[in-house]
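# Observations on chain architecture
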Amino acid sequence: MFSYQHLALTPIINACGTVTRLGGAPLRQAALDSYQQASLEAIPLEELQTAVSQQLAEWTGAEAGIITSGAAAALTLGAAAILAGSDPAKMECLPHTENIPHEFLVSRDHRSGYDHAVRASGARLREIGLNEVVSGAGVRRTEVWEYEAAICENTAGILYVYTKDSAPALADVVSLGQKHNLPVLVDAAGELPPPSNLTTLVASGANLVAFSGGKAIGGPQASGLLLGQRKLVGSALLQMLDMDDHPQLWKPSLLDQLDFQAMPRHGIGRGFKVSKESVMALMSALDEFLQEDNSVRMQGLADTLSDIQKKLEQAGIISQVHWPDPETTPRLHLPAADAFRVCQQLRDSSPRVFVGHGMLDQDILIINAIALREHQIDDLCQALIDAVNNPL
Ligand SMILES: *Cc1c(COP(=O)(O)O)cnc(C)c1O
């Protein structure tokens with residue numbers, strides 16, 4: 001079997017989490033088994049995604065759902081669905097949107113590099129609100145009236161990036177969207193665990209919600225979920241599927257044939273295709289994710305971190321487990337003078353170690369155990385002790 005060794009590559013120790021840059025977390029065994037099984041039989045993809053949609057509806061309460069090649073792809077497809085609806089002519093034009101409403105309202109403090117995925121559909125973002133809190137020049141965050149004041153004939157929808165601290169409240173933005181008939185697209189890519197977010201965000205009434213499949217769910221790295229209204233999810237699916245068939249033979253399955261004046265051609269998402277293997281692997285991973293006890297899983301991660309903490313303490317290094325919510329992933333904070341240097345030394349060590357780098361400017365390294373494997377813990381601790389205690 002061809003392996004990383006054949007490419008003269010040495011894998012790293014990932015103490016950073018389910019980050020894409022580092023290849024994510026290990027795939028669940030059940031997902032791997034499904035991947036192999038699914039590959040042995042051929043299935044029309046539109047039928048597959050339609051059956052998946054019914055199962056996702058049962059699991060999440062959404063009207064419909066599809067599997068995409070990641071949350072970023074789900075955002076592009078979701079935005080494309082909002083822009084084009086079920087109009088094949090509009091689908092054909094994307095990403096050119098001069099002649100149709102194409103603005104998505106977004107709070108200034110919801111912006112990030114990931115919104116490139118929304119813009120890739122042809123949507124343009126119209127920022128609202130001010131960064132008063134971030135700039136230390138005030139206490140107010142974006143308010144609902146500011147969304148309302150920005151609505152014009154070019155407005156197509158609202159982009160909302162969900163975290164438990166997002167403002168204004170999702171429910172209020174959804175109400176506003178409903179009042180003005182503007183769909184709300186929610187980026188909740190990394191908001192699992194807790195698993196309850198799958199149902200509560202759907203139940204918020206948001207029109208579309210995107211989640212990553214390759215983060216805590218433990219599906220293929222390049223997989224994701226788009227959940228929401230059947231009409232929009234169906235449009236997103238069509239803009240991703242291969243459409244090379246005769247119109248007179250085509251039987252749309254997630255949407256009704258009557259919804260269409262004509263059969264769309266390959267859409268803007270054709271490059272985000274998802275294989276039947278990935279679809280089934282993510283369904284297996286999600287099935288396990290929903291069945292397991294999340295508190296037990298999180299406790300297991302916390303126990304691993306306590307174990308690391310004790311080993312570091314024996315070498316005179318003090319760290320703290322940071323676990324504000326028992327339903328979400330715990331982390332170990334390791335204060336270290338000159339954290340950038342320590343981080344670099346860890347990346348250059350043997351074996352190479354990657355830790356969370358979100359608080360380096362505060363001289364804190366972060367350890368997340370979700371992608372760590374049991375046999376790596378001793379090497380990880382040794383590398384941390386060396387890098388902190390013996391600067392090169
Ligand atoms: C990870 C992430 C994404 C991208 O998800 P993929 O599944 O890697 O495509 C988008 N938005 C946010 C906020 C994320 O954390």
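A brief look at the structure comes next. Because the structure is predicted, anything quoted here is derived from the model rather than measured.

### So, the packing of helix H2 (residues 45–60) against helix H10 (residues 276–291)
- Relative to each other, H2 and H10 sit at 10 degrees, their axes nearing to 11 Å. The angle between the axes of H2 and H10 places the two elements in the roughly parallel class. Here Leu 45, Leu 48, Gln 49, Val 52, Gln 55, Leu 56 and Trp 59 of H2 come into contact with H10, specifically with Lys 276, Val 279, Met 280, Met 283, Leu 286, Asp 287 and Leu 290.
- Each residue belonging to the contact of H2 with H10 can be placed in one class, and the counts come to 10 nonpolar, 2 polar and 2 charged.

### Quick notes on the nonpolar core
- One finds Phe 104, Leu 225, Ile 308 and Leu 365 to be the most contacted residues of the largest nonpolar core, which totals 108 residues.
- Looking at this core, the element that brings in the most residues is helix H3 (residues 71–84), giving 9 residues.
- Each of domain 1 (4–21 + 293–389) and domain 2 (42–105 + 112–127 + 152–291) contributes no fewer than three residues to this core.
- Once you skip the residues sitting within four places of it in the chain, Leu 225 turns out to touch Leu 56, Ile 66, Ile 67, Thr 68, Ala 74, Leu 198, Val 209, Ala 210, Phe 211, Ile 217, Leu 282 and Leu 286.

### Notes on the site of the ligand
- Around the ligand, a shell composed of Thr 20, Gly 70, Ala 71, Ala 72, Tyr 114, Asp 187, Ala 189, Ser 212 and Lys 215 is seen.
- Between Thr 20 and the ligand, the recorded distance is 3.4 Å, taken from a side-chain N or O atom to an oxygen atom.
- Interatomic distance of 2.7 Å between a side-chain N/O atom of Ser 212 and an oxygen atom of the ligand.
- Protein burial of the ligand: of its 380 Å² of free accessible surface, 81% is covered by the chains.
- Looking at the shell around the ligand residue by residue, the classes come out as 4 nonpolar, 3 polar and 2 charged.

### Comments concerning the pattern of salt bridges
- A full pass over the atoms with the stated rule returns 18 salt bridges.
- Between Asp 259 and Lys 231 there is a salt bridge; the shortest N-O distance is 3.8 Å. Separated by 28 residues along the polypeptide, Asp 259 in the loop between helix H9 (230–238) and H10 and Lys 231 in helix H9 bring together distant segments of the chain.
- Overall, the relative accessible area of 22% leaves Asp 259 in the partly exposed class.
- A salt bridge links Asp 338 to Arg 341; the nearest nitrogen and oxygen atoms lie 3.9 Å apart.
- Of the residues examined, Arg 341 reaches a relative accessible area of 23% and is grouped as partly exposed.
- Among the ionic contacts, a cluster of salt bridges with common partners joins Arg 108, Arg 111, Asp 115, Arg 119 and Glu 127.

### A closer look at unusual backbone geometry
- Residue Pro 193 is reached from Leu 192 by a cis peptide bond, and omega for that bond is -5 degrees.
- The omega torsion of the bond from Pro 193 to Pro 194 falls at 5 degrees, within 30 degrees of zero and hence cis.
- Along the chain, Pro 194 falls in the loop between strand S6 (184–187) and helix H8 (196–203).
- Even without glycine at this site, Asp 338 takes up a positive phi of about 60 degrees.
- Note on placement: Asp 338 falls in the loop between strand S10 (331–335) and helix H12 (339–348).
- Despite not being glycine, Asp 363 has its phi angle at roughly 60 degrees, a positive value.
- Looking at where Asp 363 falls in the secondary structure, it is placed in the loop between strand S11 (353–355) and strand S12 (364–367).
- A residue is classified by how much of its surface remains accessible, and Asp 363, at 33% relative accessible area, is partly exposed.

Criteria and cut-off values
Residues numbered from 1 in each chain as written. Predicted model: local features only at pLDDT ≥ 70, side-chain atom pairs only at ≥ 80, totals over all residues. Heavy atoms only, no water. Axes fitted to C-alpha atoms, helices over the stretch in contact; angles between N-to-C directions. Helix = DSSP H or I, 4+ residues; strand = E, 2+ residues; numbered from the N terminus. Parallel < 35°, antiparallel > 145°, perpendicular 65-115°, else oblique. Contact = heavy atoms within 4.5 Å. Nonpolar A, V, L, I, M, F, W, Y, C, P; charged D, E, K, R; others polar. Core = buried A, V, L, I, M, F, W, Y, C linked by side-chain atoms within 4.5 Å. Buried < 20%, exposed > 50% of the residue type's maximum accessible area, 1.4 Å probe, protein only. Domains from an automatic or database assignment. Near = heavy atom within 4 Å. Polar contact = N/O pair within 3.5 Å; in protein donor to acceptor, adjacent residues only side chain to side chain. Areas by Shrake-Rupley, 256 points an atom, 1.4 Å probe, with all protein chains shown as cover. Salt bridge = Lys/Arg side-chain N within 4 Å of Asp/Glu carboxyl O.

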